[in-house]
Amino acid sequence: MLSAEQNDRLTHTGPGTPMGAVMRRYWQPFALVEELPDERPVRDIRVLGEDLVVFRDDRGRYGALARHCAHRAGDLAYGRCEDGGLRCPYHGWLYAVDGRCLEQPAEPAGSTYHQRIRQPAYPCVARNGIVYGYMGGGEAPALPGFDWFDAPASHSFAFKALQRANWLQAVEGEIDPAHLSYLHRYLDDDAEGDGSYGFRQFLAAADESDVSVTAILREVTNPRLEIERTDFGVRIFALRDRGDVTYVRVTNYLFPHTAVVAIGDWTLVQVHVPIDDASNWRYDVFYDFRAPIDAAALRAEKLKTYEVPGYAPKRNMENRYGFSAAEQSAGTYAGVGYDFNIHDTMILEGQGAIQDRSRENLAYTDMAIIAARKMLTEALDGAIPLPMTEAAEARLDHLVSIDAIAPAGAWRRAWVAKQIERRARSVWAGGIAPARLRALLES
């Protein structure tokens, strides 16, 4: 357990907080590209407790500005995107993506006052359907060498969802492998068809075996866990033994607030961006090395679960997440529908806006959570370098997620072999020699 003071240090990310300073050293998702349509590419956002406006100017450049104009706090969320920047609706002050004031049309002719005005601004870049911003000050670092930044649009899909709880409990839920057997349990295999498009990829992933993953999760409720600390965070192995086979699930904690998990042959990246201390955006990035992703079908499934605009879940705390006692008896363990994301949202919001960790009692299944908290605490104390990946050329080919069924006793060879085979069949990922990849994964 943590003391109240320790919990505050880990969970609070607003301006001037220690964890806020750590977070600001990393690129943060600011908005989905779809939130900035051509007819009005302007969106007000709140990130790490700061109110901003993200926009795309008429030259296609992305930027983020403090929401209130430097003149008299006019709301730039209602500004006009024109003339190379964003113009305040109050007196027409015009700001470039870098915060320079380009015009003050109500000032006397010849005035140079605008040259002395600078609106707080953050650099932005778009990748794979998401606009990322850097809030750390100084020159922004290059984006890290993650596979999902390289994935073509045909092989990736991005979405987001509102969660009314602190970012840390959301991350900790993602790196807890044991809860799959309970919170996400379908009570019979026939229920698989009612899951979302994305999660059916996971539930159907039995490789060449006839063993149902759903059945394994249901029957083997106490996985063996192993963790490895890496340069990107923590690699987590969840092993469920069933007779002569072992279900191997490799999940990753990507420092400081991301989980990288397997959805069958897909990879799912889940970034939990603090809106403020009591809420977060979960940004989902799905990608596949081999086959195109049916983004239209996946988005249609998401729209069954989430309201757009707003990206809030239709099942929420106000309607008790659609809880059904009948479903809990015969359909799902949790009784709140078949979508895994709603299960997770229900649990983490039920912990309170900020979980009181002074009352918890950690157990064997929490080893990855303990390791992640240790890394975060070391970062707060200045004991590890930040950011952990400095340059785009620093590839992270060893950051992989795996969902596989292996012969009993051979799981270590099997998860490595599956990733090597997956990369060999890739139609877009940069080439890496199998021997080099094996060495990376086994080191």
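Preceding block: the structure.
Just so we're clear, the structure is a prediction, and the values are computed from it rather than from any experiment.

Draft legend 1. Geometry of the overall build of the protein. Looking only at helices and strands, the protein has 12 helices and 20 strands in total. Expressed along its principal axes, the backbone C-alpha trace of the protein runs to roughly 85 × 50 × 45 Å. For the protein, buried positions account for 57% of its 443 residues. Long-range contacts, defined as pairs at least 24 residues apart, comprise 63% of the intrachain contacts of the protein with a sequence gap of at least 6. Taking the 49 positively charged and 61 negatively charged side chains of the protein as two groups, their mean positions are separated by 2 Å.

Draft legend 2. Local environment of the packing of aromatic side chains. According to the stated counting rule, one finds 22 aromatic pairs in the structure shown. Between the aromatic rings of F159 and Y311, the centroid separation amounts to 5.4 Å while the plane-to-plane angle is 70 degrees, which identifies the pairing as edge-to-face. In this pair, F159 sits in strand β11 (residues 156-163) while Y311 sits in the loop between β18 (306-307) and β19 (312-313), placing the two residues 152 residues apart along the sequence. The pair formed by F159 and Y311 is uniform in burial state, with each residue classed as buried. Residues Y182 and Y333 carry aromatic rings whose centres are separated by 5.7 Å and whose planes lie at 75 degrees to one another, so their mutual orientation is edge-to-face.

Draft legend 3. The arrangement of unusual backbone geometry in detail. Going from V308 to P309, the amide bond is cis rather than trans, its omega being 0 degrees. By the element assignment, P309 lies in the loop between β18 and β19. In this model, L386 is joined to P387 through a cis peptide bond whose omega is -15 degrees. Tracing the backbone through its elements, the reader meets P387 in the loop between α10 (367-380) and β20 (402-407). Phi angles above zero are rare outside glycine, and D83 is one such case at about 55 degrees. With respect to the element layout, D83 can be found in the loop between β5 (80-82) and β6 (85-87).

Draft legend 4. Structural context of the environment of V250. Within the element layout of this structure, V250 appears in strand β14 (residues 245-254). Along the backbone, V250 and A238 are 12 residues apart, and their C-alpha atoms lie at a distance of 6.5 Å. Apart from the residues lying within four places of it in its own chain, the contact partners of V250 are R235, I236, F237, V400, S401, I402 and W415.

Reading the values: rules and limits
Residues numbered from 1 in each chain as written. Predicted model: local features only at pLDDT ≥ 70, side-chain atom pairs only at ≥ 80, totals over all residues. Heavy atoms only, no water. Helix = DSSP H or I, 4+ residues; strand = E, 2+ residues; numbered from the N terminus. Buried < 20%, exposed > 50% of the residue type's maximum accessible area, 1.4 Å probe, protein only. Contact = heavy atoms within 4.5 Å. Lys, Arg positive; Asp, Glu negative; His and termini not counted. Charge placed at Lys NZ, Arg CZ, Asp CG, Glu CD. Phe/Tyr/Trp six-rings, centres within 6.5 Å; stacked < 30°, edge-to-face > 60°.

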